[in-house]
Amino acid sequence: MYLKRRSSTLPLTLLLTALLTGLSHQAAATEFYLQGSLALSQPDGGSDSDLELTTSPRIIAGLAFTPNVSAEVGFYYLYTEQDSEKEDVVSQYLVSITSKDILLGLKGQFNINNRIAFYGRGGMLLWNTELELEENFWDIIPGGKVSDDDSGVGYYLSGGIIIHFTERLYMDAYLSHHQRNDIFKDDSNYPIDVTETLGGVGLGFSF
């Protein structure tokens, strides 16, 4: 694999944060909220990737312009690897995937009462994904690790329920789909799609 390091997503993250901050100064009636969660995720890299079920953290900051519509920015972290070492005629190998993603989207909410609400959220998934290959040549010659990363834009969709413990403290339970397409399309004739199906639960606080 031809290795090439790409620029960080930090400038884009700062831009999105500045955009959300700017919107907060223009909104007539707003409510800010911050929530963190942990999800059980089943990644799929296609073909015979056999990626492990894993747990992934997520943080979301949101600005509610009305009781039903919010703009959000978030950070999501994924780490997974093949569930067992693979082999071919040349070597034994193990592939791991790390992805650090920015979420930028909207949330629509339907309030059942002052304690329970259902919602849907979705938007752009700005992914920065790294693949690492650990290879062992049957102990005949030294093996080692090699890695490469890529970045791009995918999407995420999510639906869930909010249950308030108090006026400001609430629990968030959800199901989500994350899609990253054409990873390494500029470096390889066989780009990779990484899809996630995940369910999570977390806590949020509104200010």
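Undergrad: I'm lost on the packing of aromatic side chains in this one. Help?
TA: Each aromatic ring pair is summarised here by two numbers: the centre-to-centre distance and the angle between the ring planes. On inspection of all chains with the given rule, the structure shows 2 aromatic pairs. Between the aromatic rings of Phe32 and Phe207, the centroid separation amounts to 5.7 Å while the plane-to-plane angle is 35 degrees, which identifies the pairing as tilted. Of this pair, Phe32 sits in strand E1 (residues 31–44) while Phe207 sits in the segment after strand E9 (192–206), and the two are 175 residues apart along the sequence. Aromatic pair Phe205 and Phe207: ring centres 5.1 Å apart, planes at 70 degrees, arrangement edge-to-face. On the basis of relative accessibility, which here comes to 35%, the residue Phe205 falls in the partly exposed class.

Undergrad: Sorry, what's going on with the environment of Gly62 here?
TA: Take Gly62: it is sitting in strand E2 (residues 54–64). Residue Gly62 is classed as buried on the basis of its relative accessible area, which comes to 0%. Here the alpha-carbon distance between Gly62 and Phe32, two residues 30 residues apart in the chain, equals 5.8 Å. The residues touching Gly62, leaving out its near neighbours within four places in the chain, are Glu31, Phe32, Tyr33, Ala71 and Glu72.

Undergrad: Sorry, what's going on with the side chain of Ser70 here?
TA: By secondary structure assignment, the location of Ser70 is in strand E3 (residues 69–81). Classification of Ser70 by relative accessible area gives buried; the value is 4%. Polar contacts involving the side chain of Ser70 include one to the side chain of Tyr33, which spans 3.5 Å. Excluding residues that lie within four positions of it along the chain, Ser70 makes contacts with Tyr33, Leu63, Ala64, Gly105, Leu106 and Lys107.

Undergrad: I keep staring at the environment of Glu130 and nothing clicks. Help me out?
TA: On the secondary structure map, Glu130 appears in strand E6 (residues 116–137). Once the C-alpha coordinates of Glu130 and Ile97 are considered, the two residues, 33 residues apart in sequence, prove to be 5.8 Å apart.

Undergrad: Please clarify how a nonpolar patch on the surface should be interpreted in this entry.
TA: On the surface, a nonpolar cluster with roughly 730 Å² of combined accessible area is contributed by Phe32, Leu34, Ile59, Phe165, Leu169, Leu203, Phe205 and Phe207. By the secondary structure assignment, Phe165 is in the loop between strand E7 (141–164) and strand E8 (169–183).

Undergrad: Just checking my understanding: could you explain the nonpolar core for this structure?
TA: Taken as a class, soluble globular proteins show a tendency for nonpolar side chains to be buried jointly. Ranked by size, the top nonpolar core spans 11 residues in total: Tyr33, Ala39, Ala64, Tyr76, Leu78, Ala117, Tyr119, Ile162, Tyr170, Tyr174 and Leu198. Of all the secondary-structure elements, those providing two or more residues to this core are E1, E3, E6 and E8. Each residue touching Ala39, except ones within four places of it in the same chain, is listed here: Thr54, Thr55, Ser56, Tyr174, Leu198, Gly199 and Gly200. Listed in part, the 7 residues of the second largest apolar core include Trp127, Ile183, Phe184 and Val194.

Undergrad: Quick question: what am I supposed to make of the pattern of salt bridges here?
TA: Once their charged atoms are close, side chains differing in charge can pair, the charge on each being opposite to the other. Counted according to the given criterion, the structure contains 5 salt bridges. The partner of Asp172 in a salt bridge is Arg58, with the nearest N and O atoms 3.5 Å apart. With a gap of 114 residues between them, Asp172 in strand E8 and Arg58 in strand E2 connect regions that are remote in the sequence. Accessibility expressed as a relative area gives 1% for Asp172, which makes it buried. Here Arg58 falls in the buried class, since its relative accessible area comes to 5%.

Parameters at a glance
Residues numbered from 1 in each chain as written. Predicted model: local features only at pLDDT ≥ 70, side-chain atom pairs only at ≥ 80, totals over all residues. Heavy atoms only, no water. Phe/Tyr/Trp six-rings, centres within 6.5 Å; stacked < 30°, edge-to-face > 60°. Helix = DSSP H or I, 4+ residues; strand = E, 2+ residues; numbered from the N terminus. Buried < 20%, exposed > 50% of the residue type's maximum accessible area, 1.4 Å probe, protein only. Contact = heavy atoms within 4.5 Å. Polar contact = N/O pair within 3.5 Å; in protein donor to acceptor, adjacent residues only side chain to side chain. Patch = residues over 30% accessible without salt bridge, like charges linked within 9 Å, V, L, I, M, F, W, Y side chains within 5 Å. Areas by Shrake-Rupley, 256 points an atom, 1.4 Å probe, with all protein chains shown as cover. Salt bridge = Lys/Arg side-chain N within 4 Å of Asp/Glu carboxyl O. Core = buried A, V, L, I, M, F, W, Y, C linked by side-chain atoms within 4.5 Å.

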